[in-house]
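Working through the structure, step by step
Below are the chains, spelled out letter by letter.
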There are 2 protein chains.
Amino acid sequence: MKSMRVEIDSSLSLSDRIFEQLQTAIVKGEMPSGSKISEPELAKSYGISRGTLREALSRLEERYLVVRSPNLGARVVTLSYEELVDIYQIREALGGMACGLAAEHMTAAEIADLKRLLDEHERNIEENQGLSYYQQEGEFDFHYRILQGSRNSKVTGILKGGLYQLMRMYRYQFSISGPRPYQALKEHRRIVEAIEERDAELADLLMRRHIRAARKNIDERRSISTFEKG
Amino acid sequence: MKSMRVEIDSSLSLSDRIFEQLQTAIVKGEMPSGSKISEPELAKSYGISRGTLREALSRLEERYLVVRSPNLGARVVTLSYEELVDIYQIREALGGMACGLAAEHMTAAEIADLKRLLDEHERNIEENQGLSYYQQEGEFDFHYRILQGSRNSKVTGILKGGLYQLMRMYRYQFSISGPRPYQALKEHRRIVEAIEERDAELADLLMRRHIRAARKNIDERRSISTFEKG
DNA sequence: ACGTTTTGAGGTGTCGACAATTAATGAAAA
DNA sequence: TTTTCATTAATTGTCGACACCTCAAAACGT
């Protein structure tokens, strides 16, 4: 009867797993942003104790995914356009820096892999008219590899652990696909070229410009949204 | 006899306060870096339960101040020169960005306050031969205000909440005072000038250079240290 | 004497329960 | 009908206890 047992990774504690599950639930909008979190209810639905849940919530709070006020409870974070622009600004500075470092540190094999990834993205765009996967997660794949190549574990932690989750959340919530597939792919190619040529300064610059373009896209959308509302 | 009572801020929960106390204890080296943390022992010494302590530890883990491995327990983080350089790199990118934004957003009153702070620092240096306060916390005061002026709450959170604590920890542990008081003050003055003239680009550049100088100081010290060891 | 197993102590992960605080309900007064 | 206050219900903050895991020393066999 052991086969009934759910395969669990013992290298992760229960609260670790709950933390990750909650994170994806929040990011994907299954827990609507701004909604109140009832500890007893949520603990019961996951079949865990409140203490375990609270440990996960403490960590989510540090990652800006939930907001807590003492004696009042926790809420899923609400993302305003202002905060989103703040995040893109940070991403611009850090992403550029990481890309410059990647130009210095990535191995030839890593660069070759990166090129293959872009080829794959290109096929993906042609087949699906640029929808679905590429604009959802493919964009992140690309940026993850560059972070990895920067050899700076702290910047990887900040972006992967913190900011990218918030951006992902935003995209899911507003069902916004990544910006301009062909244009973005072209920019990605140029960035990889700069990395291949070990031109750190150019890689930094191109990555900043790439992210800035995405931010302006958001900003534009914001002005439309505020126009609609009054 | 009310004066004997410790003034507690009821807007903070107990685990919040423990979290802050532990943070400063780690930063100041009262809990040596790399040392193992015994939950029962620590909980008893603070007069709290283990559950409350574990919530605080979860948050400290997210802030890179403690490292946990499942079933093995928590240790105070150990800071290597490599990681410290990583942190300075991030600080260079984010600090520069924040400074550029501060040039755009700070009010005249805030800028005037900032100038007064530098005057105070100058007096401090003359009196104490540049030791003590200014090199410990004064430097942080200056940077905090610029973060405040950037009007980007996320970057403030990342730097104040995360990276500055690690840098502070490093300074305490290696009893390294902030770099070159007179030179640093001069650089601070130039940065404020750029902010006053609303020259965001220059403010960004000067702040990056200022931080890079500090990083090179560290790097130099690292090469000495590695030379000593072999 | 050396390597292996076992057993025990200490520590971590998780849970359920109580105390304190906030929100909800309803009764009384304006 | 609306407002206010009091009482009750629900939720959060905190605690102590139990099960499982890890590590080390003792016991055992070779």
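Here goes a summary of the coordinates provided. (Residues numbered from 1 in each chain as written. Chains lettered and ligands numbered in written order. Predicted model: local features only at pLDDT ≥ 70, side-chain atom pairs only at ≥ 80, totals over all residues. Heavy atoms only, no water.)

1. Comments concerning the protein's contact with DNA strand C
The local shell around DNA strand C holds 19 residues, among which Leu14 and Ser49 of chain A together with Lys36, Arg50 and Arg54 of chain B are the closest. Take the atoms of DNA strand C that sit within 4 Å of the protein: sugar and phosphate atoms are 70% of them. Between glutamate 39 of chain B and DNA strand C, the recorded distance is 3.2 Å, taken from a backbone N or O atom to a phosphate oxygen. Of all the secondary structure elements, the ones that give two or more residues to the surface near DNA strand C are α1 (14-27) and α3 (50-62) of chain A together with β1 (36-37), α2 (39-46) and α3 (50-62) of chain B. The residue inventory of the surface near DNA strand C, partitioned by class, reads 6 nonpolar, 8 polar and 5 charged. (Near = heavy atom within 4 Å. Polar contact = N/O pair within 3.5 Å; in protein donor to acceptor, adjacent residues only side chain to side chain. Helix = DSSP H or I, 4+ residues; strand = E, 2+ residues; numbered from the N terminus. Nonpolar A, V, L, I, M, F, W, Y, C, P; charged D, E, K, R; others polar.)

2. A closer look at the relation of the copies chain B and chain A
Rotating chain B by 180° and translating it 0.0 Å along the rotation axis places it on chain A, where the RMSD comes to 0.1 Å. Expressed as an axis order, the relation between the two copies is that of a two-fold axis. (Least-squares fit on C-alpha atoms with pLDDT ≥ 70 in both.)

3. Points about the environment of cysteine 99 of chain A
All names here are of chain A. Tracing the backbone through its elements, the reader meets cysteine 99 in helix α4 (residues 81-105). In this structure cysteine 99 comes out as buried when scored by relative accessible area, which is 0%. Sequence spacing of cysteine 99 and valine 192 is 93 residues, and the spatial spacing of their C-alpha atoms is 9.4 Å. (Buried < 20%, exposed > 50% of the residue type's maximum accessible area, 1.4 Å probe, protein only.)

4. Side note on the sheet that holds strand β1 (residues 36-37) of chain A
Residue and element names in this part refer to chain A. The antiparallel open sheet is built from 3 strands, whose spatial order is β1-β3-β2. Edge positions in the sheet fall to β1 and β2 (66-69), since each has one partner strand and no second. As defined by bridge partners, β1 adjoins strand β3 (residues 73-76) across 2 bridges and the pair is classed as antiparallel. If you follow lysine 36 over to β3, its bridge partner there is arginine 75. Against the sheet, α3 contacts β1 and β2, and its axis sits at roughly 110° relative to β2. (Pairing = 2+ DSSP bridges. Contact = heavy atoms within 4.5 Å. Axes fitted to C-alpha atoms, helices over the stretch in contact; angles between N-to-C directions.)

5. Here we look at the protein's contact with DNA strand D
Taken together, 19 residues lie around DNA strand D, and Lys36, Arg50 and Arg54 of chain A together with Leu14 and Ser49 of chain B are the ones closest in. Of everything in DNA strand D that lies within 4 Å of the protein, sugar and phosphate atoms constitute 70%. Asparagine 71 of chain A has a polar backbone atom sitting 3.1 Å from a phosphate oxygen of DNA strand D. A distance of 2.9 Å separates a phosphate oxygen of DNA strand D from a polar backbone atom of serine 49 of chain B. Contributing elements (two or more residues each) for the surface near DNA strand D: β1, α2 (39-46) and α3 of chain A together with α1 (14-27) and α3 of chain B. Residues of the surface near DNA strand D, tallied by class, amount to 6 nonpolar, 8 polar and 5 charged.

6. What about the pairing of β3 of chain A?
All names here are of chain A. Only one face of β3 is buried: it carries Ala74 and Val76, and the other face, with Gly73 and Arg75, is open. Bridging between β2 and β3 involves 4 bridges; their strand directions are antiparallel. Bridge assignment links valine 67 to a residue of β3, and that residue is arginine 75. Taking the residues that link successive antiparallel strands as the turn, the β2-β3 hairpin has 3 residues, and the phi of asparagine 71 there is positive, at about 70°.

7. A word on the interface of chain B and chain A
In this complex, chain B contributes 32 residues to the contact, which on the side of chain A involves 33 residues. For the pairing of chain B and chain A, the buried interface totals around 2700 Å² over both sides, and the portion due to carbon and sulfur atoms is 57%. If you sort the residues of chain B by the area they bury against chain A, Glu55, Glu62 and Lys154 of chain B come out on top, with a joint share of 24%. Where chain B touches chain A, the interface holds 8 salt bridges. For the salt bridge of arginine 63 of chain B with glutamate 62 of chain A, the shortest nitrogen-to-oxygen distance reads 2.6 Å. For the pair chain B and chain A, the interface holds 12 residue pairs in polar contact (both at pLDDT 80 or more). Among the secondary structure elements, those contributing two or more residues to the side of chain B that touches chain A are α1, α3, α4 (81-105) and α7 (153-173) of chain B. Among the elements that make up the side of chain B that touches chain A, the one with the highest residue count is α4 of chain B (9 residues). (Buried area = accessible area lost by both parts, 1.4 Å probe. Salt bridge = Lys/Arg side-chain N within 4 Å of Asp/Glu carboxyl O.)

8. Let's talk about the nonpolar core
Residues Ile195 of chain A together with Ile195 of chain B are the most contacted members of the largest nonpolar core, which totals 132 residues. If we skip the residues at most four places from it in the chain, isoleucine 195 of chain A touches Cys99, Ala102, Ala103, Met106, Ile111, Ile146 and Ala203 of chain A. (Core = buried A, V, L, I, M, F, W, Y, C linked by side-chain atoms within 4.5 Å.)

9. Considering the pattern of salt bridges
On inspection of all chains with the given rule, the structure shows 32 salt bridges over all chains. Two residues, glutamate 39 of chain A and arginine 68 of chain A, come together in a salt bridge whose shortest N-O distance is 3.9 Å. Here arginine 68 of chain A lies in strand β2 and glutamate 39 of chain A lies in helix α2, a separation of 29 residues in the sequence. With a closest N to O distance of 3.0 Å, arginine 151 of chain B and glutamate 110 of chain B form a salt bridge. Of this pair, arginine 151 of chain B sits in the loop between α6 (133-150) and α7 while glutamate 110 of chain B is found in helix α5 (residues 108-127), placing the two residues 41 residues apart along the sequence. The partly exposed category is assigned to glutamate 110 of chain B, whose relative accessible area is 22%.

10. What about the layout of surface pockets?
Approximately 960 Å³ is the volume found for the largest pocket. Taken together, 35 residues form the lining of the largest pocket, with Glu62 and Arg63 of chain A together with Glu62, Arg63 and Tyr64 of chain B sitting closest to its centre. At the level of secondary structure, the elements contributing two or more residues to the lining of the largest pocket comprise α1, α3 and α7 (153-173) of chain A together with α3, β2 (66-69) and α7 of chain B. Per element, the largest residue contribution to the lining of the largest pocket is 9 residues, and it comes from α7 of chain B. A class-by-class count of the residues in the lining of the largest pocket yields 11 nonpolar, 9 polar and 15 charged. Here the second largest pocket defines a volume of roughly 670 Å³. Class assignment of the residues belonging to the lining of the second largest pocket gives a composition of 7 nonpolar, 6 polar and 14 charged. (1 Å grid on protein atoms, 1.4 Å probe; cavity = no way out; pocket = protein on both sides within 12 Å on 5 of 7 lines; lining within 4 Å. Points joined across faces, edges and corners; volume = space filled by probe spheres on them.)

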